[in-house]
Amino acid sequence: GQPTLLNDNCGVASFYNSYNGTQNASGVYSVGTTTVTWFVTDVNGNVNTCDMTIIVVDDTAPTILECPAGNFIAPYENAIAISNLPGQCDADVIVPSLIVDDNCGIASIVNDYNGTDNATDNYPVGLTEVLWTVTDVNGNESTCMTQVFVIDNEAPTIVCPADIEVTTDPEFCNASVNTATIDIPTPIVTENCAIAILTNSFNNTDNASGDYPIGTTIVIWSVIDE
């Protein structure tokens, strides 16, 4: 626009603005604050000025066109799924970059897993949710979530205690209690992550020691990892 009142006791010779040097300051302004100075000169060469401020506010958040996602693995349909490294409880995972856009410009892209703009890293077994934050040059933010699912496909290994044979006293069968107390060693168990449950079929605990009847008792050990 232009000044709404131009007056001089003799007459106005010219006026213009500092933004485009014309009598009309309308135009395209950049985001931020622009000061436009108006210059008015009368027919006798006297000059006066006034300032106006134009503020353009960017309140448009960045657009995340594509947030890294992966293959279909129920129940984590959008997760980047990968098997653990052999013998380890983790995996090296390649996470694609975000595809983003903004009307002014992107200032930063950061993920909360390693604090950088690149989430490719080593991840533990299980589900890791990686939060991305995209910030434009004017402080507007957008977020999205990437799921990284490392699958542990390795079963625990177990070495059972050796078979145990106990010979009772000849008077044993005439006793009122026809059992023998036997100490059973703990199985040797290895696992790439961690053991969750170790049980035996004799007493459903992790210690099979106890009173066993005469005859053969088969003890089945079961181990489940986390």
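Structure first, text after, so check above.
Just so we're clear, the structure is a prediction, and the values are computed from it rather than from any experiment.

### Looking at unusual backbone geometry
Here is step 1 of the chain: The backbone of Asn 204 shows a phi angle near 60°, a positive value even though the residue is not glycine.
Here is step 2 of the chain: Structurally, Asn 204 is set in the loop between strand E15 (195-200) and strand E16 (210-213).
Here is step 3 of the chain: With a relative accessible area of 61%, Asn 204 lands in the exposed category.

### Digging into the side chain of Thr 41
Here is step 1 of the chain: Mapped onto the secondary structure, Thr 41 falls in strand E2 (residues 32-42).
Here is step 2 of the chain: Residue classification places Thr 41 among the buried positions, given a relative accessible area of 18%.
Here is step 3 of the chain: Once you skip the residues sitting within four places of it in the chain, Thr 41 turns out to touch Val 12, Ala 13, Ser 14, Asn 46 and Val 47.

### Topic: the state of the cysteines
Here is step 1 of the chain: Scanning the entire structure with this criterion turns up 2 disulfides.
Here is step 2 of the chain: One disulfide in the model links Cys 67 with Cys 144; its S-S distance is 2.1 Å. Residues Cys 67 and Cys 144 are joined through a disulfide that is right-handed, its torsion about the S-S bond being 80°. Placement of the pair is Cys 67 in the loop between strand E4 (63-66) and strand E5 (80-83) and Cys 144 in strand E11 (residues 141-151), with a sequence separation of 77 residues.
Here is step 3 of the chain: The exposure class assigned to Cys 144 is buried, which follows from its relative accessible area of 14%.
Here is step 4 of the chain: Across the chain, the disulfide pattern expressed with sequentially numbered bonded cysteines is 1-3, 2-4.

### Focus on the pairing of strand E17 (residues 221-225)
Here is step 1 of the chain: Only one face of E17 is covered, namely the one carrying Trp 221, Val 223 and Asp 225; the face carrying Ser 222 and Ile 224 has none of its residues buried.
Here is step 2 of the chain: Where E15 meets E17, 5 bridges bridge the pair, whose relative direction is antiparallel. The partner of Asn 200 across the bridge, within E17, is Trp 221.

### Quick notes on the packing of aromatic side chains
Here is step 1 of the chain: Evaluation of the coordinates by the stated rule reveals 5 aromatic pairs.
Here is step 2 of the chain: Summarising the aromatic geometry, the rings of Tyr 16 and Phe 39 are spaced 5.1 Å apart at their centres and angled 20° between planes, so their arrangement reads as stacked. Placement of Tyr 16 in strand E1 (residues 12-17) and of Phe 39 in strand E2 is noted, with a sequence separation of 23 residues between them.
Here is step 3 of the chain: For Tyr 16, a relative accessible area of 37% translates into the label partly exposed.
Here is step 4 of the chain: Geometrically, the ring pair formed by Tyr 113 and Tyr 123 is stacked, given 4.1 Å between the ring centres and 10° between the ring planes. In this pair, Tyr 113 sits in the loop between strand E8 (106-111) and strand E9 (121-124) while Tyr 123 sits in strand E9, placing the two residues 10 residues apart along the sequence.
Here is step 5 of the chain: By relative accessible area, Tyr 113 is classed as partly exposed at 30%.
Here is step 6 of the chain: Classification of Tyr 123 as buried rests on a relative accessible area of 0%.

What counts and what doesn't
Residues numbered from 1 in each chain as written. Predicted model: local features only at pLDDT ≥ 70, side-chain atom pairs only at ≥ 80, totals over all residues. Heavy atoms only, no water. Helix = DSSP H or I, 4+ residues; strand = E, 2+ residues; numbered from the N terminus. Buried < 20%, exposed > 50% of the residue type's maximum accessible area, 1.4 Å probe, protein only. Contact = heavy atoms within 4.5 Å. Disulfide = S-S within 2.5 Å. Pairing = 2+ DSSP bridges. Phe/Tyr/Trp six-rings, centres within 6.5 Å; stacked < 30°, edge-to-face > 60°.

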